[in-house]
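Coordinate inspection notes
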Amino acid sequence: MTRIDAKFAKLKADGKKAFVAYVMAGDPDYATSLEIVKGLPGAGVDVIELGLPFTDPMADGPTIQLAGQRALEGGMTLQKTLELATEFRKDDDETPIVLMGYYNPIYSRGVDRFLDDAKKAGIDGLIVVDLPPEEDDELCIPAQKAGMNFIRLATPTTDDRRLPKVMTNTSGFVYYVSITGITGAAEADAGDVAPEVARIKRATDLPIVVGFGINSPEKAEAIASVADGAVVGSAIVSRIGKGEAPADVLAFVKSLADGAHRA
Amino acid sequence: MADDLFNSFMNGPDERGRFGDFGGRFVSETLMPLILDLEAEYDKAKDDPEFWAEMDDLWKHYVGRPSPLYFAERLTDHLGGAKIYLKRDELNHTGAHKINNVLGQILLARRMGKKRIIAETGAGQHGVATATVCAKFGLKCVVYMGKHDVERQAPNVFRMRLLGAEVIPVTSGRGTLKDAMNDALRDWVTNVRDTFYCIGTVAGPHPYPAMVRDFQSIIGQEVRWQLAEQEGEGRLPDTVIAAIGGGSNAMGLFFPFLDDPSVNIIGVEAGGKGVDEKMQHCASLTGGRPGVLHGNRTYLLQDDDGQILEGFSISAGLDYPGIGPEHSWLHETGRAQYVSITDKEALEAFQLSCSTEGIIPALEPSHALAHVMKIAPNLPRDHIIVMNMCGRGDKDIFTVAKHLGFDMSDTEGREMD
Ligand SMILES: Cc1ncc(COP(=O)(O)O)c(C=O)c1O
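Just so we're clear, the structure is a prediction, and the values are computed from it rather than from any experiment. (Residues numbered from 1 in each chain as written. Chains lettered and ligands numbered in written order. Predicted model: local features only at pLDDT ≥ 70, side-chain atom pairs only at ≥ 80, totals over all residues.)

Side note on the overall build of chain B
When you go through chain B residue by residue, the secondary structure sums to 16 helices and 14 strands. Taken against the 2.2 N^0.38 rule, which gives 22 Å for 417 residues, the C-alpha radius of gyration of chain B at 20 Å falls within 12% of a compact globule. Taking the principal axes of the C-alpha coordinates as reference, chain B spans close to 55 × 55 × 50 Å. Split into buried and exposed, the 417 residues of chain B put 61% on the buried side. A separation of at least 24 residues holds for 73% of the contacts in chain B among residues at least 6 apart in sequence. (Helix = DSSP H or I, 4+ residues; strand = E, 2+ residues; numbered from the N terminus. Rg over C-alpha atoms; globule rule 2.2 N^0.38 Å. Buried ≥ 20, exposed ≤ 12 C-beta atoms within 10 Å, placed from the backbone. Contact = placed C-beta atoms within 7 Å.)

Some remarks on the overall build of chain A
Counting its secondary structure elements, chain A contains twelve helices and nine strands. The C-alpha atoms of chain A give 17 Å as radius of gyration, which agrees with the globular expectation for 263 residues (18 Å, within 12%). Dimensions of chain A along its principal axes, counting C-alpha atoms only, are 45 × 40 × 35 Å. Each of the 263 residues in chain A was classed as buried or not, and the buried ones make up 57%. Here the analysis covers contacts within chain A between residues at least 6 apart in sequence; of these, 76% occur between residues at least 24 apart.

Topic: the site of the ligand
All names here are of chain B. Close to the ligand lie 20 residues; Gly245, Ser248, Gly317, Glu364 and Gly391 are nearest. Going through the elements one at a time, helix 5 (125-137), strand 9 (239-244) and helix 11 (248-254) are the ones with two or more residues in the shell around the ligand. When residues of the shell around the ligand are assigned to their parent elements, the largest contribution, three residues, is made by helix 11. Taken together, the residues that form the shell around the ligand break down as eight nonpolar, eleven polar and one charged. (Near = placed C-beta within 6 Å. Nonpolar A, V, L, I, M, F, W, Y, C, P; charged D, E, K, R; others polar.)

With respect to the sheet that holds strand 8 (residues 208-211) of chain A
All names here are of chain A. The nine strands are arranged 5-4-3-2-1-9-8-7-6 in an open sheet whose pairing can be described as parallel. Looking along the sheet, the strands with just one partner apiece sit at the ends: strand 5 (149-150) and strand 6 (152-154). Where strand 4 (residues 125-128) and strand 5 come together, two bridges link them in parallel fashion. Across the sheet, the residue bridging to Leu126 is Phe150, located in strand 5. This element, helix 11 (residues 234-241), spans strand 1 (18-24) and strand 9 (229-232) of the sheet and lies at about 40° to strand 1. (Pairing = 2+ DSSP bridges. Axes fitted to C-alpha atoms, helices over the stretch in contact; angles between N-to-C directions.)

Section: the sheet that holds strand 5 (residues 116-121) of chain B
Residue and element names in this part refer to chain B. With parallel pairing, four strands are arranged side by side in an open sheet as 7-6-5-8. Because the sheet does not close on itself, it has two edges, and the strands there are strand 7 (166-170) and strand 8 (195-197). Strand-to-strand, the axes of this sheet are offset by a mean angle of 25°, without reference to chain direction. Bridge count between strand 6 (residues 140-146) and strand 7: five bridges; the pairing is parallel. The partner of Tyr144 across the bridge, within strand 7, is Ile168.

Some thoughts on the interface of chain B and chain A
For an interface, size is often stated in terms of accessible area lost upon the parts coming together. Every contact between the two is made by 27 residues of chain B and, on the other side, 34 residues of chain A. Those elements that provide at least two residues to the side of chain B that touches chain A are strand 2 (22-26), helix 1 (32-46), helix 8 (177-190) and strand 11 (289-293) of chain B. In terms of residues, the side of chain B that touches chain A owes the most to one element, helix 8 of chain B, which gives six residues. When grouped by side-chain class, the residues that make up the side of chain B that touches chain A number eleven nonpolar, ten polar and six charged.

Structural notes on the domain arrangement of chain B
Residue and element names in this part refer to chain B. When cut into domains, chain B gives domain 1 (28-60 + 98-210) and domain 2 (65-95 + 212-404). Summarising the inter-unit geometry, the C-alpha centres of domain 1 and domain 2 are found 22 Å apart. Taken together, the contact between domain 1 and domain 2 spans 36 residues of the former and 40 residues of the latter. Contributions of two or more residues to the side of domain 1 that touches domain 2 are made by helix 2 (49-63), helix 4 (98-111), helix 5, helix 6 (147-152), helix 7 (154-162), helix 8 and helix 9 (208-216). Per-class residue counts for the side of domain 1 that touches domain 2 are 16 nonpolar, 13 polar and seven charged. (Domains from an automatic or database assignment.)

Points about the pairing of strand 3 (residues 97-101) of chain A
Residue and element names in this part refer to chain A. Here strand 3 lies mainly inside the structure; five of its five residues are buried. Here strand 3 shows two buried faces, one formed by Ile97, Leu99 and Gly101 and the other by Val98 and Met100. Strand direction decides the pairing type here: strand 3 and strand 4, joined by four bridges, are parallel. Along strand 4, the bridge assignment pairs Gly101 with Val128.

A word on the packing of helix 14 (residues 343-357) of chain B against helix 15 (residues 363-375) of chain B
Residue and element names in this part refer to chain B. Relative to each other, helix 14 and helix 15 sit at 90°, their axes nearing to 7 Å. Considering the angle they form, helix 14 stands roughly perpendicular to helix 15. Contacts from Glu345, Ala346, Glu348, Ala349, Phe350, Leu352 and Ser353 of helix 14 reach helix 15 at Leu363, Ser366, His367, Leu369, Ala370 and Met373. Of the residues belonging to the contact of helix 14 with helix 15, the class tally is eight nonpolar, three polar and two charged. (Parallel < 35°, antiparallel > 145°, perpendicular 65-115°, else oblique.)

As for helix 9 of chain B
Burial analysis of helix 9 of chain B places eight of its nine residues in the buried class, the great majority of the element. Tyr208, Pro209, Ala210, Met211, Val212, Arg213, Phe215 and Gln216 of chain B are the residues of helix 9 of chain B that are buried.

Comments concerning the environment of Asn215 of chain A
Relative to the elements of secondary structure, Asn215 of chain A occurs in the loop between strand 8 and helix 10 (217-224). Sequence separation between Asn215 of chain A and Gly184 of chain A is 31 residues; the distance between their C-alpha atoms is 8.4 Å.

Here's the deal with the nonpolar core
Among the nonpolar cores identified, the biggest contains 225 residues, and Ala21, Val210, Ile223, Ala227 and Ala230 of chain A are the most heavily contacted of them. If we ignore the near neighbours within four places in the chain, the residues touching Ala227 of chain A are Tyr176, Val193, Val197, Ile208, Val209 and Val210 of chain A. (Core = buried A, V, L, I, M, F, W, Y, C linked by C-beta atoms within 7 Å.)

Focus: unusual backbone geometry
Geometrically, the link from Asp27 of chain A to Pro28 of chain A is a cis peptide bond, its omega value of 0° lying close to zero. In this fold, Pro28 of chain A is placed in the loop between strand 1 and helix 2 (30-39). We note that Thr94 of chain B has phi near 75°; this positive angle belongs to a residue other than glycine. Inspection of the secondary structure assignment puts Thr94 of chain B in the loop between strand 4 (83-87) and helix 4.

Description of the environment of Phe173 of chain A
All names here are of chain A. Looking at where Phe173 falls in the secondary structure, it is placed in the loop between helix 8 (163-167) and strand 7 (174-177). The spacing of Phe173 and Gly39 is 134 residues in sequence and 23 Å in space, taken between C-alpha atoms. With residues near it in sequence (within four places) discarded, Phe173 still touches Ile4, Phe8, Ile151, Leu206, Pro207, Ile208 and Val209.

What about the packing of helix 5 of chain B against helix 7 of chain B?
Residue and element names in this part refer to chain B. Running from N to C, helix 5 and helix 7 point in directions that differ by 15°, and their axes come no closer than 9 Å. Classed by the angle they form, the pair helix 5 and helix 7 counts as roughly parallel. Relative to helix 7, the crossing made by helix 5 is left-handed. Between helix 5, through Gln125, Gly127, Val128 and Ala131, and helix 7, the contact on the second element is made entirely by Asn156, Arg159 and Met160. Tallied by class, residues from the contact of helix 5 with helix 7 come to three nonpolar, three polar and one charged. (Left-handed = near helix turned anticlockwise from the far one by under 90°.)

Structure representation (C-alpha cells):
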C-alpha cells in the first residue's frame, strides 16, 4: 500500500473528498518553492502534485509554461526536484507526492535509475502526460513493479471502447481531465463532469479526482461533490507567478481545500 | 554493408509506429483516440486507388508535377567531378516540396470530415502550402509560426494572410519552429474534435512520420524514372543528397532508394555556427542524443537534464532541435550518412547556384548544395549525384541580403558599410 492508497482509504473512512494541489517544483526558486510545498499539508492538501519542469510542456497553458520557465531559469532540474521531495519528507511521511511532468527528463536520466532515486526521495506516484497506454512498457510497467503508482489521465475523448485500456496498468487514482484542452484554459462544469465520472466509475474501482479548469473554492466544492476529489493547479501557480508571499499563496490554497472538503 | 541489411529498409514502421527504437506515439490521452482514427483512415486511403488518383490529378494539374530532373551542367563543370542533377521541387506551386504532403493530408482531412486545419511552420513554406490548399478547398486554416520566424520570413507571412489563413505568432520559448509545434499541439488538444493537424515534416506521433514520408516519396519515385530516361534504363543515382530540417524532403528523395545498396544516401543538417559544445546549430544527429519530444522518440538537441535546447540556423526551415524518427533509425543502422553544413558554407552555395545555374535556391537546399560542393570535386565524372532542390529562395532574399551586407532599401544596390 502506497501513501496514496493509504490516504484515499482514510479519506473514504472519514467520508471526505480529496483536495489535490499542483505546484511547479522550483517555482519561483528552490527555497520559496520548498517553503510552499512544506506548507501544503497544513493548508489542507491531501495529495501534492509536484510539477517537474520541462522546456516543452505541450499540454500546459501559459500559466504553467511560465512557471516551468521560472523554475528552469532558477536552475531547477530533475535532480533538484527529487532533492526538494527528500527535504519535504524529512518532516512529513504521510502526505503523498505525485510527480507530474513529461517523459524526456525521466528518459534522459534512465528509467531504472530514475525509479530508484524517486522512491528514495519519497515520491509515491507518477503522472507523465505524454505516455499513453500504448507506451506502457516505457515507464508505467517498470514503475508499478518498483511499487510506485502510475496515475493515468482519462479525458472527454477517452470513449467507452478505449476506457478499459486506459484503466489497465493504472493504480492510486484516476485523474479525469475535465476539458479537452490545456491547463488553465477553460472552466470545468460540474454538470458535464458528473456523468463522465459515473462512466469512468463503471470501468474502475479506483478513486477519481477531477482537474483542469478549477479556479475557486466554489468550483472546487462543486466538482469534488460529483467526484472523489478535485485538483487545482493553474489558479495556485498564477499567484506564485505574481510574486505573492508563500503565506498568502497558502491561505488561498486553504480556501480551495476548505471548498473541496465541504463537498 | 552486409546484403541482408538491405532486406527490409522499406518495411518500417512497425504497428507501434517504431523504426527500430525510434518513433512511437508519445502524446497525451486527449489526442490518442484521434491519432488512432487518423491511422485507420490513412491505412484505408493508402490502399484506395481513388485516393491516389485524386492525388495524381492534383499533383499534375495543381502542383505541376512531375518536377524536372535537371542536369546542372555549369555547376558540374565548375566543381569538376561528379555529374550533378538537381531535382527541381522548387518549381512546385508555392515554391517548395511542402505541398506534396499537404495535399495528401488535406484530402485525408476531407475524408474525415474535418473543417478546420492547423499547421506549424518555420520558414513559412509549409504554412503557405497549407494555406493554399485550404483556400482551394474552402477550409479554415490557422498557422502557428514562431515570432522570430514571423520576422525573418515576412514575405511568407503576408502570403499566408493573402490566402485567408490566420497566422498566430508564437512567443513561447525562443519563438521558432519547436515553439510553433508546441502551440499547434496545444490548439489540437483544445479543438480535437473538429480540427485536423497538418504536420509539415516526417515528425510527430505515428502515423505522421510514415504518412508524410509516403506523400513526399513522389520525389524519389520520379527521380528513378527520370534518371533512367536521361541516363539509360536501370541507371540509378550513385549518391542522393538532401537538406534536413525535420527531414521530409530528404525522406521523400531517399525512401524509394533505401533498398538499392549501390545508392549512397546523405542527409545534410544545419550546422549553424558550427557543431561544437556551444550548441549553436540544429544538427540533431551529429550533435544530439535520443529523447522524446513532439510525440516521437528521436535524436534531439538537449542538455544533461533532458531539457530541449533551441536550435540555431540561418535557415528558419532547418531551425528545429529534432529530426524525423526514421532518419534516426537510418543513422543508427548506417544506411544513410548524416553531415552538417555551417551558415557560412550554405551562403556560399546559395551564391554559386545563382551564378552558375540561374537558380535562386532556398537557404535549406543551399545546405545540401554546400555538401555537394565538398564531395563532387573528388568524385569521378561518371558518378551521378542527385540533389533535392526542394525550395526556391524568394522567401530568403532579405535574410541573404542582410548577411551579404546589401541594403535592400537602397535602390542603387550599394553595399552597406
Ligand atoms: C525549402 C525547404 N526545405 C527544407 C525544409 C525543411 O523541412 P524538411 O526537412 O521536412 O524537408 C523547409 C521547411 O520549411 C523548407 O521550406
